[in-house]
Amino acid sequence: MRFSPNATRGSAWAIISGLQPAEYADALKRIRRIPGNNDRDLASRLLVSRWVQSDPDAALQFAASNRGYEYVADDVFEQAAGTDLQSALSRAMSLPNADVRYMALRGVLSG
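Worth saying up front: this structure is predicted, and the values here are computed from it rather than measured. (Residues numbered from 1 in each chain as written. Predicted model: local features only at pLDDT ≥ 70, side-chain atom pairs only at ≥ 80, totals over all residues. Heavy atoms only, no water.)

A. Broad picture of helix 2 (residues 24-31). Inspection of helix 2 places Tyr24, Ala27, Leu28 and Ile31 among the buried residues, and these make up the whole buried set. The buried side chains of helix 2 occupy one side of the element, clustering within an arc of 100° when seen end-on. Buried positions along helix 2 lie against helix 3 (37-54), helix 4 (56-65) and helix 5 (72-83). (Buried < 20%, exposed > 50% of the residue type's maximum accessible area, 1.4 Å probe, protein only. Helix = DSSP H or I, 4+ residues; strand = E, 2+ residues; numbered from the N terminus. Arc of directions from axis to C-beta. Contact = heavy atoms within 4.5 Å.)

Shown next, in the form of structure tokens:
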């Protein structure tokens, strides 16, 4: 994988769009090492958005399994609520991890 902590905004989308779904988790962890909040936040948002679109269940599993990445559940459930609000709400309420559940409920309310 070519993802570098020195990636710029201009290259972030090109790098992310070239990733395979199996590389998303590692790439998201690498994004944390990008210096500067703006570049890091942009790359993170782009990657999470792509991941949620392509495999929301894997994105949610990552959020639940990796402390500090609970925010990914917000995006997963925002998208789910746009499709089926009641189902998204029920699923969010059933999540066992309180931090992930909180973020999932935020996503439902945003959707």
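On we go from here.
B. How the structure looks around the pattern of salt bridges. What the rule picks out here adds up to five salt bridges. Residue Asp26 pairs with Arg30 through a salt bridge whose shortest N-O separation is 3.0 Å. Note that Asp26 and Arg30 are positioned in helix 2 at a spacing of four residues, about one turn of the helix. With relative accessibility at 25%, the residue Arg30 sits in the partly exposed group. Between Asp99 and Arg67 there is a salt bridge, with the nearest N and O atoms lying 3.8 Å from each other. Residue Asp99 is found in helix 7 (residues 98-110), and its partner Arg67 is found in the loop between helix 4 and helix 5; the two are separated by 32 residues along the sequence. Residue Asp99 is classed as partly exposed on the basis of its relative accessible area of 40%. (Salt bridge = Lys/Arg side-chain N within 4 Å of Asp/Glu carboxyl O.)

C. Spatial organisation of the side chain of Asp74. Turning to its location among the elements, Asp74 is positioned in helix 5. Asp74 sits in the buried class, given a relative accessible area of 9%. Separated by 3.5 Å, the side chains of Asp74 and Arg106 make a polar contact. What Asp74 contacts, discounting residues up to four positions off in sequence, is Met103, Ala104, Arg106 and Gly107. (Polar contact = N/O pair within 3.5 Å; in protein donor to acceptor, adjacent residues only side chain to side chain.)

D. View of the packing of aromatic side chains. Applying the stated criterion across every chain yields a total of four aromatic pairs. Relative to Tyr71, the ring of Tyr69 lies with its centre 6.2 Å away and its plane at 35°, an arrangement referred to as tilted. Among the aromatic residues, ring-to-ring pairing joins Tyr24, Trp51, Phe62, Tyr69 and Tyr71 into one connected group. The ring centre of Tyr69 lies 4.0 Å from the NZ or CZ of Arg32, which sits over that ring. (Phe/Tyr/Trp six-rings, centres within 6.5 Å; stacked < 30°, edge-to-face > 60°. Lys NZ or Arg CZ within 6 Å of the ring centre and 35° of its normal.)

E. Focus on the packing of helix 3 against helix 5. The N-to-C vectors of helix 3 and helix 5 enclose an angle of 45°; their axes lie 10 Å apart at closest approach. By the angle class used here, helix 3 and helix 5 are oblique. Where helix 3 crosses over helix 5, the two elements pack in a sense that is right-handed. Each of Arg45, Val48, Val52 and Gln53 in helix 3 lies in contact with helix 5, whose residues at this interface are Val72, Asp75, Val76 and Gln79. Tallied by class, the residues present in the contact of helix 3 with helix 5 amount to four nonpolar, two polar and two charged. (Axes fitted to C-alpha atoms, helices over the stretch in contact; angles between N-to-C directions. Parallel < 35°, antiparallel > 145°, perpendicular 65-115°, else oblique. Left-handed = near helix turned anticlockwise from the far one by under 90°. Nonpolar A, V, L, I, M, F, W, Y, C, P; charged D, E, K, R; others polar.)

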